[in-house]
Amino acid sequence: MKIEHRVVVAAPIEDVWNICADPMALARYVDSGVRVTPAVPGRKPELDARYRILVRVGGALVGGDVIVVECQPPWEFSWSSITGVSHRVRLRLRPVPGGTAVTLRFTYDAPGAFGAIADFASYPAMWSTMKNALHGMKAAAEGGAEMPGGRALPQRLIDEVGHLGVLARAGIVAPMRPDRLVRIAFAARNWGLSPGALAAVGEARHPDRAAVVDGDGELTYAELDRQSSAIGSALRESGVGEGDAVALLARNHRGFLLAMSAAAKLGCDVLLLNTGFSGPQIADVCRREGPSAVIYDAEFGELVANAVINRRQVIADGISDSAGVPTLTSLAAAGEGRSPASPGRAGRITILTSGTTGTPKGASRGASSGAQGPTLEAPAALLERIPLREGMRVGLAAPMFHAWGLSNLLLSQALGATVVCLRKFDPEGWLAAIDEYRLEALVVVPVMLSRILELPEETRGRYETSSLRIVAASGSALPGDLSDRWMDTFGENLYNLYGSTEVANATIATPADLRAAPGTAGRPTRGTTVKLLDDAGIEVPQGSVGRIFVGNSQLFEGYSGGGDKQRMHGMMATGDVGRFDPAGRLFVEGRDDDMIVSGGENVFPKEVEDTIARHPAVAEVAAIGVEDEQFGQRLRAFVVLRDGTDVSADELKARVKSELAGYKVPREIVFLDALPRNATGKVLRRELAES
């Protein structure tokens, strides 16, 4: 079994080394369940130093003797077992902006024929032990910084039983033959909770079911597992190895999933690149993150030209090699029938922030998140509120490289669902896919709903969409009365999730919530706390606007290049402001830095945008703050009209004045053919500010 955790410590690398590079630290920074005794009392931690390490598991002490096998101050420190349970611990320190990145890797193997099952059973306890040790070291190095909070062990066990019940109702957890259970345990042991393991689990449970349907036809779970293993073997032969990073720039198709699964089986980290990035952005991100290989769709060849210099290249789509660059298809053929050796670590996935207001940052996640141990909270939180079920046919329109698309891709794999993909979003194309494949769920970002509704009624009427039971939207706020218009047309099937790359999911609105309060982000999800705080960290009164802070087991651990989101009371800032209505539903008013002060009054662009968006002639609207001699600041609104309609700027200003207030009326309204958006549908406000 492989466990890996990473934190960024706000301290110089030498100071962190002095605290971390010592097996005795385990005894100091975790609970009394771990005992560490040096073989030679008083000997400093150095190469060949020996210790006895015992861990309490239930009523027994398990462990043995270890020896330090690597000691390179202040970079690398590791020890390996001599007797007892076979294991190895490695600490890796690297300076990053804001401090020192510390990576703790732990691998262990239980003996015997059923060692894989024993490893799987002990995984949660060992995961928690390693996590607590690393965070204890971080707290000590930072001078007693606040430790991650959490519930007591009995309550955590009760919570996990509840999560398990949700997963059982969804069909993820179900009775199965013992041989399949053993294969699943081996997959988890080899690759952790990663895309590689999910491919193997899918092959064990339903090998002949279609995992992906795209422009090239169907790819079954058995084919996904076999081909990803072959690709991993071929990549290893080309020089891509365990611990390397692999950058992936691809649209929604089978190549995306094959590349992620192959990288996971190698023990590689995956860097997901945004298909809307420019060439310089891609080059800057790759320079910062340092991938050893770049896998990309052929259409992006020119964009990645600078990023692939001195790096291995693979084309994610295409059948045969082009200009000496191999494809995933050719790698699968080259590695046919082989599987890479089990890696010593579980790979991580780095998701990039949207970059709508600056340079994209990398938010890295491991196979599991959370400060207190592996938890089923993340999938249970979604499945409790959004009724996805085992074996569903899911249309994934949201980009796979985005946190929302990725989470639904992985959840669909866990559910044994069939995921239908289109390379690019096409509103009529998705109606045709719903009809052809009898899709039961559709995963989107909100602007996609608008594009479908903008189709002529005659066009929409050509397709049968009654199979659609779930439409799950996230990525940006639902504007105006979009939820009502969607459900009036397609039925009561819309779910709206609010979250971010950094905090995962925070709230979910059901169709009933959206009918009662259009535009709401809904209520906090299972295991999640959402509070609205002022600048002093004090909770604001009900109904007042405050900064949104989220606490759950899914908070990310810091940006890959250093830095973090603000944290208070064990919760993390989302960067948004919002309010709760009397029923406890959250409304997101916008980014906390979008607010302007106009004539001494606080004005949030979103409420003005929603008011303008409800006009029947308006298709899209975005508002930004601009300087104003009289009021200090005013809003400038950018409006896109529906085809065949017309409305004047004065009419829209009068609407805002009548529904809101005079000081909230935009100083000017600019009509555009389209709003600038990134690949995930978010409006690029910096481009509006420059126009």
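Residues numbered from 1 in each chain as written. Predicted model: local features only at pLDDT ≥ 70, side-chain atom pairs only at ≥ 80, totals over all residues. Heavy atoms only, no water.

**Observations regarding the overall build of the protein**
Move 1: Across its full length, the protein holds 20 helices and 32 strands.
Move 2: Scored against the burial criterion, the 691 residues of the protein give a buried share of 55%.
Move 3: Surface accessibility of the protein: about 27,600 Å² in total, with carbon and sulfur atoms responsible for 52%. (Helix = DSSP H or I, 4+ residues; strand = E, 2+ residues; numbered from the N terminus. Buried < 20%, exposed > 50% of the residue type's maximum accessible area, 1.4 Å probe, protein only. Areas by Shrake-Rupley, 256 points an atom, 1.4 Å probe, with all protein chains shown as cover.)

**Quick notes on the sheet that holds strand E31 (residues 632-641)**
Move 1: On the basis of which strands lie adjacent, the open sheet formed by 3 strands has the order E30-E31-E32 and mixed pairing. Only two strands of the sheet have a single neighbouring strand rather than two, namely strand E30 (618-628) and strand E32 (668-671). Adjacent strand axes in the sheet meet at a mean angle of 25° when their direction is disregarded.
Move 2: Across 4 bridges, E31 lies against E32 in parallel orientation. Note that in E32 the partner of Phe 638 across the bridge is Val 670.
Move 3: Across the sheet, helix H18 (residues 605-613) touches E30 and E31, and the angle it forms with E30 is around 145°.
Move 4: Across the sheet, helix H19 (residues 649-659) is in contact with E30, E31 and E32; its angle to E32 comes to roughly 130°. (Pairing = 2+ DSSP bridges. Axes fitted to C-alpha atoms, helices over the stretch in contact; angles between N-to-C directions. Contact = heavy atoms within 4.5 Å.)

**Here's the deal with the packing of helix H8 (residues 254-266) against helix H12 (residues 403-414)**
Move 1: Following both chains from N to C, one finds H8 and H12 inclined at 75°, their axes separated by 13 Å at the closest point. With respect to H12, the axis of H8 lies roughly perpendicular. Across from Phe 256, Leu 257 and Met 260 in H8, the residues of H12 making contact are Leu 406, Leu 409, Leu 410 and Gln 413.
Move 2: When its residues are assigned to classes, the contact of H8 with H12 shows 6 nonpolar, 1 polar and no charged. (Parallel < 35°, antiparallel > 145°, perpendicular 65-115°, else oblique. Nonpolar A, V, L, I, M, F, W, Y, C, P; charged D, E, K, R; others polar.)

**Quick look at the nonpolar core**
Move 1: Among the nonpolar cores identified, the biggest contains 93 residues, and Met 260 and Leu 272 are the most heavily contacted of them.
Move 2: With 8 residues, H8 is the single largest residue contributor to this core.
Move 3: Discounting chain neighbours no more than four positions away, the residues touching Met 260 are Pro 195, Leu 248, Val 270, Leu 272, Ile 349, Leu 406, Leu 409 and Leu 410.
Move 4: Counting residues in hydrophobic clusters, the runner-up holds 34 residues, among them Val 16, Val 36, Ala 49 and Met 126. (Core = buried A, V, L, I, M, F, W, Y, C linked by side-chain atoms within 4.5 Å.)

**Some words on the pattern of salt bridges**
Move 1: Inspection of every chain in the model, using the stated rule, returns 41 salt bridges.
Move 2: In this structure, Arg 52 engages Asp 65 in a salt bridge whose closest nitrogen and oxygen atoms are separated by 2.9 Å. With Arg 52 in strand E3 (residues 50-57) and Asp 65 in strand E4 (residues 60-72), this pair connects stretches of sequence that are 13 residues apart.
Move 3: Taking the shortest distance from any N to any O, the salt bridge between Asp 481 and Arg 485 comes out at 3.4 Å.
Move 4: Under the relative-accessibility criterion, Asp 481 is labelled partly exposed at 24%. (Salt bridge = Lys/Arg side-chain N within 4 Å of Asp/Glu carboxyl O.)

**Some thoughts on the confidence of the model for the protein**
Move 1: Scored by pLDDT, the protein comes out at a mean of 85, with 88% of its residues at no less than 70.
Move 2: Every residue in residues 145-150 scores below 50 in pLDDT, and together they form 10 contacts with partners more than four places removed in sequence or on other chains.
Move 3: Between residues 367-372, whose pLDDT stays under 50, and residues either more than four places distant or in other chains, the model counts 23 contacts. (pLDDT = per-residue confidence, 0-100.)

**Thoughts on the side chain of Asn 493**
Move 1: Position of Asn 493 relative to the elements: it lies in the loop between helix H16 (482-490) and strand E20 (494-500).
Move 2: Given a relative accessible area of 2%, Asn 493 falls into the buried group.
Move 3: At 3.1 Å, the side chain of Asn 493 forms a polar contact with the side chain of Trp 486.
Move 4: Among the polar contacts made by the side chain of Asn 493, one reaches the main-chain carbonyl oxygen of Phe 490 at a distance of 3.1 Å.
Move 5: Excluding its chain neighbours within four sequence positions, the residues that come into contact with Asn 493 are Leu 468, Arg 469, Ile 470, Val 471, Trp 486, Met 487 and Pro 511. (Polar contact = N/O pair within 3.5 Å; in protein donor to acceptor, adjacent residues only side chain to side chain.)

**Things to note about helix H7 (residues 221-237)**
Move 1: For H7, built from 17 residues, the straight-helix expectation of 24 Å at 1.5 Å per residue is met to within 8% by its first-to-last C-alpha distance of 25 Å.
Move 2: In terms of residue burial, H7 counts as a mostly covered element, since 12 of its 17 residues are buried.
Move 3: Taken together, the buried positions of H7 are Tyr 221, Ala 222, Leu 224, Asp 225, Ser 228, Ser 229, Ala 230, Ile 231, Gly 232, Ser 233, Ala 234 and Leu 235.
Move 4: Following H7 by one or two positions, Gly 239 adopts a phi angle in the positive range, close to 110°. (Expected span 1.5 Å × (residues − 1).)

**Considerations on the packing of aromatic side chains**
Move 1: This model, assessed by the stated rule, comprises 3 aromatic pairs.
Move 2: Here Trp 17 and Phe 77 contribute two aromatic rings whose centre-to-centre distance is 6.1 Å and whose plane-to-plane angle is 85°, an arrangement assigned as edge-to-face. Of the two residues, Trp 17 is situated in helix H1 (residues 13-20) and Phe 77 in strand E5 (residues 76-81); the sequence distance between them amounts to 60 residues.
Move 3: What makes Trp 17 buried here is its relative accessible area of 10%.
Move 4: Members of the aromatic cluster, each reached through a chain of ring pairs, are Trp 17, Phe 77 and Trp 79.
Move 5: Positioned above the aromatic ring of Phe 587, the side-chain terminus of Arg 579 is 4.5 Å from the ring centre. (Phe/Tyr/Trp six-rings, centres within 6.5 Å; stacked < 30°, edge-to-face > 60°. Lys NZ or Arg CZ within 6 Å of the ring centre and 35° of its normal.)

**Quick word on the sheet that holds strand E17 (residues 418-420)**
Move 1: Spatial strand order, E9-E8-E17-E16-E18-E19-E20-E21-E22: 9 strands in an open sheet with mixed pairing. Across the chains shown, the open sheet's two edge strands, defined by having one partner strand only, are strand E9 (217-220) and strand E22 (523-524).
Move 2: With 4 bridges connecting them, strand E18 (residues 441-444) and strand E19 (residues 470-473) associate as parallel partners. Across the sheet, residue Leu 442 finds its bridge partner in E19, namely Val 471.
Move 3: Taken strand by strand, helix H11 (residues 377-385) contacts E20, strand E21 (504-509) and E22, and its axis lies near 10° from that of E21.
Move 4: Running at roughly 115° to E18, helix H14 (residues 446-453) makes contact with E18, E19 and E20 of the sheet.

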